[in-house]
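If you want the building blocks of each chain, they are given just below.
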Amino acid sequence: MKVIAVVGNGIAGSEAAEAAIRVDQKARVVLMTKEPFPLYSACVLADYVADRIPVQRVILRTAEDFGKAGIELLLSSQVTDWSAEEQLLHFDDGTLRYDRLVIATGSRPIVPDLPGFGKQGVVTLKTLGDAEMLRAAQGSAAVVVGTGPVGIEAAIALRRRGWTVALVELLDRVLPRLFDAPLAAALKTRLEDHGIDVFLGERVLEITGKTRAEGVKTDRRTLAADAVVLVIGMRPELSLVKKDKVALGSSGGIQVDRQMKTSREGVWACGDCVESEDLITGRRGLFMLWHNARLQGRIAGANTAGAARRYPGSLNLTTVNVFDETAASVGILASEVPEDEAMVLHRKGPWGELWMVLKDQSLIGVQALGRTERVGGLMGMISKGKDLRKALLKEPNSAEGPGGWILRGVQKDLLRLIDAN
Amino acid sequence: MIDSERCIGCKLCEVVCSVKKERVSDPSRSRIHVLFWEGEAGALPVFCQHCEEPLCALVCPVNAVKREESTGLIIPDRELCVGCGGCVSVCPLYGAGFDGIEKKALRCDLCQGDPTCVKYCPTGAIRFADRDQSQIDKKRAAARKLYPR
């Protein structure tokens, strides 16, 4: 009987285990996690911290669900070592010999080399355990370091719990990897309207206090802090693969081919820990998003059991909620391109705002505030070198998707912008 | 089934959908939307196509979007849905609806086989047809474009 071991019970590992058993009902599928919980959604932890959902809606599978599916679930089972040649996983209380392995260890928060970061009251927001800690935290003033989606959501959650919250960001705008300045500014205003202080272009130097955090010292000011949330980014969790057991890509993620196979025979990888290719732009990198992990997991799992499915690529599309406002982004930002090379079409409507980032005659990115349908709707129009004039000037036909129609909805400004270049 | 050449952009479909499904006239809570051709007389109604490999189901952070066994339709589970709007952002067909007040994802569910928008569309731009017949109709339409009589 083939033994398929899956390390990690995030969405990637969970999908991998379920896909493996679906393809080969006779396989012994062992799914292991170092955490005491089965699959939960890391994406809604902030909603749980804010008390908007109970923990039952954060946890997506029970041990019973996995049992019914024929999957052996090992909770609180950290893999202490991996003997790759012998195909052995080591635990505190034994070993497991596998025939096929899926590495789905996910990502870990980047913890800066800061004086004071080991103090009590300093947390990250990655795991359900972190969320419980934040919920139980005592105090009134919180400082959140980092304004990526997790940082923004953490700040909002704590504000909803009644804390005084300050956000500190190194770069010149919030959510700098998702939005250009105009949309970022709108979101900053929303945050401030709800009583969250936002400090941009500031670097955190130290967390002050004795054994407990008392404050955060930046290069401009000192902020009182009973809780400090460090959310400056994520890196692939690679402690299992040290000593070059599998090849890594230049972004730091595990290198995998289209079938999610690593450089080592019999070993697949999926989720936040892998490097993948952006479906739309072709860039290789880390695209640590739920939907990418989910699809990669499904493909890796099926392939361990004998299938030959191929991953089409990662979708770099993110949606963020700032209090009651929604914003989304796909593709490349104007600020990622030399200044005179990108043009931005901005349109405001009763439904919200849209920014289309153009380069030469092509669409390279879309951002939206309010109703975000146009982001996904225009995905198909973002393709290397696709000439938008051609898309606009031909007669609409019923076989054409909404992408062409969304372009037609802004065609006057769009044609003017393209022609001006 | 959509015939975009017949759509006059009246948006009655949006109004009646929200009235039927949400019991209030609020196009923002409609499950069908109309896209406009700026400066020209053209419009396209869009709604969920219940894709075989739905991107919205993949994106949902609480796995709330599933295919209903009896109908084959893609339906978000209202109780599980946390209203993040991820499905709205990702749908490549402008097909997801959203209740911005209750923060819940919405999908056209064909009104149990008797769609309200079809009943009210003044030009017949939206029709409800058996799937196999609609495939034949689409092929005929494509053929006529290529080989006009």
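Thresholds applied
- Residues numbered from 1 in each chain as written.
- Chains lettered and ligands numbered in written order.
- Predicted model: local features only at pLDDT ≥ 70, side-chain atom pairs only at ≥ 80, totals over all residues.
- Helix = DSSP H or I, 4+ residues; strand = E, 2+ residues; numbered from the N terminus.
- Rg over C-alpha atoms; globule rule 2.2 N^0.38 Å.
- Buried ≥ 20, exposed ≤ 12 C-beta atoms within 10 Å, placed from the backbone.
- Contact = placed C-beta atoms within 7 Å.
- Pairing = 2+ DSSP bridges.
- Axes fitted to C-alpha atoms, helices over the stretch in contact; angles between N-to-C directions.
- Domains from an automatic or database assignment.
- Parallel < 35°, antiparallel > 145°, perpendicular 65-115°, else oblique.
- Left-handed = near helix turned anticlockwise from the far one by under 90°.
- Nonpolar A, V, L, I, M, F, W, Y, C, P; charged D, E, K, R; others polar.

**Quick notes on the overall build of chain B**
Alright, step 1. Summing up its helical and strand segments, chain B has 5 helices and 6 strands in all.
Alright, step 2. Listed by position from the N terminus, the elements making up chain B come as α-β-β-α-β-β-α-β-β-α-α.
Alright, step 3. The C-alpha radius of gyration of chain B comes to 16 Å, within 12% of the 15 Å expected for a compact globule of 149 residues.
Alright, step 4. In terms of overall dimensions, chain B has a C-alpha envelope of 55 × 30 × 30 Å along the principal axes.
Alright, step 5. Going through the 149 residues of chain B one by one, you find that 39% of them count as buried.
Alright, step 6. Across chain B, contacts joining residues at least 24 apart in sequence account for 53% of those joining residues at least 6 apart.

**Regarding the sheet that holds strand E6 (residues 94–97) of chain A**
Strands belonging to one sheet form pairs held by backbone hydrogen bonds; the direction of such a pair is parallel or antiparallel.
Residue and element names in this part refer to chain A.
Alright, step 1. If you trace the 3 strands from one edge of the open sheet to the other, you get E4-E5-E6, paired in antiparallel fashion. Two strands bound the open sheet, and with one partner strand each, they are strand E4 (81–83) and E6. Neighbour-to-neighbour, the strand axes of this sheet turn through a mean angle of 20°, independent of strand direction.
Alright, step 2. In the sheet, strand E5 (residues 88–91) pairs with E6 via 4 bridges, with the strands oriented antiparallel. Within the sheet, the bridge partner assigned to Phe91 lies in E6 and is Gly94.

**Quick notes on the domain arrangement of chain A**
Alright, step 1. By domain assignment, chain A separates into domain 1 (3–108 + 234–304), domain 2 (111–230) and domain 3 (325–420).
Alright, step 2. Taking only C-alpha atoms, the centre of domain 1 of chain A and the centre of domain 3 of chain A are 35 Å apart.

**Description of the domain arrangement of chain B**
Alright, step 1. Each assigned domain of chain B is listed with its residue range as follows: domain 1 (1–48 + 108–149) and domain 2 (50–92).
Alright, step 2. Centre-to-centre, using C-alpha coordinates, domain 1 of chain B lies 21 Å away from domain 2 of chain B.

**Some remarks on the packing of helix H1 (residues 11–23) of chain A against helix H7 (residues 290–304) of chain A**
All names here are of chain A.
Alright, step 1. It is the contact of H1 with H7, at a shortest axis distance of 7 Å, that shows an interaxial angle of 30°. When the axes of H1 and H7 are compared, the pair comes out roughly parallel. Considering how the two elements wind past one another, H1 and H7 form a crossing that is right-handed. Of the residues in H7, those touching H1 at Ile11, Ala12, Gly13, Ser14, Glu15, Ala16, Ala17, Glu18, Ala19, Ala20 and Val23 are Trp290, Ala293, Arg294, Gln296, Gly297, Arg298, Ala300, Gly301, Ala302 and Thr304.
Alright, step 2. Within the contact of H1 with H7, the residues separate by chemical class into 11 nonpolar, 6 polar and 4 charged.

**Comments concerning the sheet that holds strand E15 (residues 222–224) of chain A**
Residues and elements named next belong to chain A.
Alright, step 1. Ordered in space as E13-E14-E15, the 3 strands form an open sheet in which the pairing is antiparallel. Of all strands in the sheet, those bounded by a partner on one side alone are strand E13 (204–208) and E15. Neighbouring strand axes in the sheet, compared pairwise and without regard to direction, differ in orientation by 20° on average.

**Here we look at the interface of chain A and chain B**
Alright, step 1. With 34 residues of chain A at the contact, the number on the chain B side is 30 residues.
Alright, step 2. Listing elements by their share of the side of chain A that touches chain B, those giving two or more residues are H7, strand E22 (317–322), strand E23 (325–331), helix H8 (373–377), helix H10 (402–408) and helix H11 (411–420) of chain A.
Alright, step 3. Grouping the constituent residues of the side of chain A that touches chain B by class yields 15 nonpolar, 13 polar and 6 charged.

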